[in-house]
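Each chain is listed here by its residues.
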Amino acid sequence: MARTTPPTTEGTTTPVAASAAPPLPGALVTRAGRASKASAGVLALAVIVLAALPYIAFAGTTSSMVTFFVLLIMASMWNLLAGFGGMVSVGQQAFVGVGAYTVLAFANMGINPFVALPLAALTCSVFAIPTSWLAFRLRGDYFAVGTWVIAEVYRLIIIRFDSLGGPSGMSLPGLNGMDPVLRGALTYWAALALAALTILGCYLLMRGRTGLALTAVRDDETAARANGVDVTWSKRLVYLVSAAGCGAAGGILIIDSLSVQPNAIFSVQWSAYMIFIVIIGGIGYLEGPLLGAIVFYALQQLLAGYGSWYMIILGAIGVAGAIWLPRGLWGTVTNKTGIQLFPVGYRLNQPWTLPPNLR
Amino acid sequence: MPAAARKETDYPMDLLNTLVQGLMLGGLYALFAAGLSIMFGVMRMVNLAHGDLAVIAGYLVLVLLGGTMFPLWLVVLVTLPLFAVIGYGIHRSLFSRSLKAGPLSALLVTFGLSIVIQNGLLEGFSADTRTIDMGVLNTGAFHLNNQLSISYLGLLTLILAVVVIVGVQLFLSRTRTGKMMRAVSDDADTASLVGANSKHLYAIATAIAFGTVALAGIMSGARSSFDPSIGPTQLIFAFEAVVIGGLGSLWGTLAGGVVLGLTQAFAAHLDPSFTILAGHLVFLAVLAFRPQGLIPQRTV
Amino acid sequence: MTLLEVENLDVHHGQLHAVRGFSLSVEPGATVAVIGANGAGKSTLMRAIAGSHLPTAGTIRLGGQDITRLPAHRRVAQGISLVPEGRRLFKSLSVQENLETGTYRAGSGPWNVDAVMELFPWMRERARQNSASLSGGQQQAVAIGRALVANPKVLLIDELSLGLAPAVVKQMYALLPRIVERGTAVLLVEQDVSQALAAADLVHCLLEGRTVLTGSPQDLTPAQVEQAYFGLAHAGGGPEGN
Ligand SMILES: Nc1ncnc2c1ncn2[C@@H]1O[C@H](COP(=O)(O)OP(=O)(O)O)[C@@H](O)[C@H]1O
Ligand SMILES: [Mg+2]
């Protein structure tokens, strides 16, 4: 972790020009430097320590950590979509479900579910192409509900396949012979690897051209278009990546539970979790989902015995956070202290503004 | 072959019956969708807790019927204004704050509200399914012949949907408040220059939306059983009706509801497991080929 | 008694100091013009007086009453109406309905929808038409009518002549005396200096948010006005490069 240069006063007057055009040397734009190397080191160390966990901790711990990683992956993907791409979806469970069912379908064909994981991600991004054609016709709030309907369509179509268990779902073949401890450890490692990959992927994506384009769009869509930024392409890319990530998360879920139930895997609850985590953590910050997932996980452990009160409290915190803490925890911290864990290229030290298409 | 012969003669009647049932189902969807359409038309806001509010209304009616001596009509007459008042209050306290923070915030706030309501109802009423007993309204029907019958409830719902939509339309086009609401929806900044308090007018729109969705929830609760988790399904049907009809157009919403109802009824006729999916597919088809909806002009 | 009194007004757009220490007073029955180049801060000033944009410092009084913090929709009933820059008619409302919105919080006085239609007889035939179908001059007339029917004590007009043909501009200015004679004071903003000078009793020239010249049109020479308008010389200490 490191401090970055504090916001300069001139910076706020010309945010559009600065973000759409190449940054002025040394002015208000911060770029990954020594700071990010340090935090990369810390994170790499964390991943190594976490990777060793199956050797030192009980299976119960690693198993509940799988849930944490899955939530972290989903939330990061939602943050990419909504926080950077300006696309507030309530339908990412479509890809969670399709991912899980892809693993199931390949397992039915005799392919090892762990091997099928990357295929699940790939399948989801392929499915995301026609989905985006439809969903991108809707803007703002309507995009949200539209994606939800699309997720329902995926569920209703999949339950028509008896080979996939129909409306009641089925259990996952192919892993029954495996030693449970080994299977638990493999699942854990797969989830950890995917979570690390997701965070790294988001970081690289947002540092690169796509991130630059989306930042420009977020500040001023018209200006960005005028500057030759290919807005639709950037958004679609983010949508596909986000679908792939959620698909992989769904794949982990079915491997972890060894069965799938369509209503559960396609539940809008996944969206609720993603949104809650990102809102609490800080939307539009790569660090947000990580912090949010930790808070969510802690709340989950704390309130586990309280049944639906747990969800009531989550919902209420979400409502309050959306109104009174729009930058989330991380946004508030970074705004006060200037600390950044993943300094994305060209991040401007200005208040986070709504994506123009949502104004 | 007597069986085949019978089938042939019954076929048109069968079709007519499906048409009638679909029309009445469409009335229910239009009634659900009216509030969603009003809120979108006036303040560009989608209330993701819309369906859950309808479910609350259902439970409230059950509680009032069970806990008081009030007759059904009085319970309904109390519930609707109560919901309108709650809507006004929620707007002034919650929605207007979130609209100020941006539409993203409004979306998240209503989504959070939806989760709170669903789980609150689950805590209070368990997951058991319930129905509102409206006596003869539930069971009675006009039997036009032995194939075709029109249930009192379905017909009443369709009539209420038309009354609500015509009423809101008249309110918007004829009354001072309605005109100001349209002005605020056009340009809130300029409307404030002629004296419009947009928070107040938006809150009135929310009040109307809450009142109408409560009515929809009551009618739907009498038509079929409900439980704390069905709100999102209601929301999705209402949303589909709004989009199929055309955003921001109340007549469109009525048409959209009817199209959705007819689609589901005919799909159910062919294959009951296909009912919901068919509605979604029509919605997606409209999205793909006619994104402006059936009646796109903005009348709100 | 002074009708409208603005004292040391400061208005910001974020970091941008758009109006600086501005003062003005409008007497009953007066026509006051604020002139200045594009971006001088005229619209910002008008919006601050109308309540659409809260000032950072200074006071606004109407009839002796402090209204600095009053929201825009409550100022209408107090007697301030603004014809905004670019007319801003309500697109989905008809001509008649646009006028009617003005009566929502109207005070009592000579103006109502009928009186406005008397002033602009063409409006009767087009009452049911959508306001978007009107010409620029007609839209401006509806916008003025919409503000008038509230029976304001002060009518604020931002850019009366903007985008209108010269003949139409003349018609618009011919209207002003008919409004003033019924007791409404007019505060208008113009880029078209000669029109403003001909119509007003008092002129303020704004440069980068400050008043650089003020006086009655007869007392001002064209050279003075030109200098103040473009900020060529330091007429009153133009804040060059600030
Ligand atoms: N909504 C706004 N946000 C930011 N700056 C603004 C806004 N409106 C006007 N400005 C700036 O304030 C200054 C004064 O603008 P304005 O009052 O519109 O001038 P005028 O009406 O005299 O042309 C200009 O520099 C303009 O760029
Ligand atoms: Mg101006």
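It should be noted that the structure appears before, not after, this text.
Treat the numbers as computed from the prediction; the structure is a model and nothing was measured.

Enquirer: Describe the overall build of chain C, with residues and values.
Expert: When you go through chain C residue by residue, the secondary structure sums to nine helices and 10 strands. On C-alpha atoms alone, chain C measures out to a radius of gyration of 17 Å, which is about the 18 Å that the 2.2 N^0.38 rule sets for 242 residues. Projected onto its principal axes, the C-alpha coordinates of chain C cover approximately 50 × 40 × 35 Å. For chain C, buried positions account for 54% of its 242 residues. Pairs at least 24 residues apart make up 66% of the contacts formed inside chain C by residues separated by at least 6 positions.

Enquirer: Kindly report on the nonpolar core, identifying the contributing residues and their values.
Expert: Nonpolar side chains in soluble globular proteins generally cluster together in the buried interior. In terms of nonpolar packing, the biggest core is built from 203 residues, with W78(A) and F95(B) touching the most fellow members. A per-element tally of this core places helix α4 (residues 59-84) of chain A first, with 16 residues. If we skip the residues at most four places from it in the chain, W78(A) touches G83(A), V88(A), S89(A), Q92(A), M274(A), I275(A), V278(A), I283(A) and L108(B). Counting residues in hydrophobic clusters, the runner-up holds 48 residues, among them F120(C), I144(C), Y173(C) and A196(C).

Enquirer: Tell me about the pattern of salt bridges, and please be specific about residues and values.
Expert: Tallying each qualifying case throughout the model produces 11 salt bridges over all chains. In this structure, the salt-bridge partner of R88(C) is D187(B), at a minimum N-O distance of 2.8 Å. Note that R88(C) is positioned in the loop between β6 (80-83) and α3 (95-101) and D187(B) in the loop between α7 (176-186) and α8 (188-193), a pairing that runs across two chains. A relative accessible area of 15% places D187(B) in the buried class. For D189(B), the salt bridge goes to R88(C), with nearest N and O atoms at 3.3 Å. Separated into two different chains, D189(B) in helix α8 and R88(C) in the loop between β6 and α3 make up a pair that spans both. Three or more residues are tied together by salt bridges with common partners; here these are D187(B), D189(B), R47(C) and R88(C).

Enquirer: Run through the coordination of the magnesium ion (ligand 2), naming residues and quoting values.
Expert: Each donor-metal-donor angle would ideally measure 109.5 degrees in four-coordinate tetrahedral geometry, or 90 or 180 degrees in six-coordinate octahedral geometry. Only S43(C) (OG) and E85(C) (OE) from the protein coordinate the magnesium ion (ligand 2), and they sit 2.0 to 2.5 Å from it. Remark: E85(C) occurs in the loop between β6 and α3 and S43(C) occurs in helix α1 (residues 42-50); sequence separation between them is 42 residues.

Enquirer: Kindly report on the site of ligand 1, identifying the contributing residues and their values.
Expert: Residue and element names in this part refer to chain C. In the region of ligand 1, the neighbouring residues are H13, L16, A18, A37, N38, G39, A40, G41, K42, S43 and T44. G39 places a main-chain nitrogen or oxygen 2.7 Å from an oxygen atom of ligand 1. Within the side chain of T44, a nitrogen or oxygen atom sits 2.5 Å from an oxygen atom of ligand 1. The fraction of the free accessible surface of ligand 1 (550 Å²) that becomes covered by protein chains is 58%. Of all elements in the fold, only β2 (16-26) and α1 reach the threshold of two or more residues within the shell around ligand 1. It is α1 that provides the largest number of residues to the shell around ligand 1, a total of three residues. Here the residues of the shell around ligand 1 are counted per class, giving four nonpolar, six polar and one charged.

Enquirer: Would you mind going over the interface of chain A and chain B in detail, with residue names and values included?
Expert: Each side of the interface is counted separately: chain A has 39 residues, and chain B has 45 residues. Between chain A and chain B lies a buried interface of about 3,600 Å² when both sides are counted; carbon and sulfur atoms form 81% of it. Taken together, the elements giving at least two residues each to the side of chain A that touches chain B come down to α7 (140-158), α13 (269-281) and α15 (308-324) of chain A. Residue contributions to the side of chain A that touches chain B peak at 12 residues, all from α7(A).

What counts, and where the lines are drawn
- Residues numbered from 1 in each chain as written.
- Chains lettered and ligands numbered in written order.
- Predicted model: local features only at pLDDT ≥ 70, side-chain atom pairs only at ≥ 80, totals over all residues.
- Heavy atoms only, no water.
- Helix = DSSP H or I, 4+ residues; strand = E, 2+ residues; numbered from the N terminus.
- Rg over C-alpha atoms; globule rule 2.2 N^0.38 Å.
- Buried < 20%, exposed > 50% of the residue type's maximum accessible area, 1.4 Å probe, protein only.
- Contact = heavy atoms within 4.5 Å.
- Core = buried A, V, L, I, M, F, W, Y, C linked by side-chain atoms within 4.5 Å.
- Salt bridge = Lys/Arg side-chain N within 4 Å of Asp/Glu carboxyl O.
- Donors = N, O, S within 2.8 Å, 3.2 Å for Na, K, Ca; no water.
- Near = heavy atom within 4 Å.
- Polar contact = N/O pair within 3.5 Å; in protein donor to acceptor, adjacent residues only side chain to side chain.
- Areas by Shrake-Rupley, 256 points an atom, 1.4 Å probe, with all protein chains shown as cover.
- Nonpolar A, V, L, I, M, F, W, Y, C, P; charged D, E, K, R; others polar.
- Buried area = accessible area lost by both parts, 1.4 Å probe.

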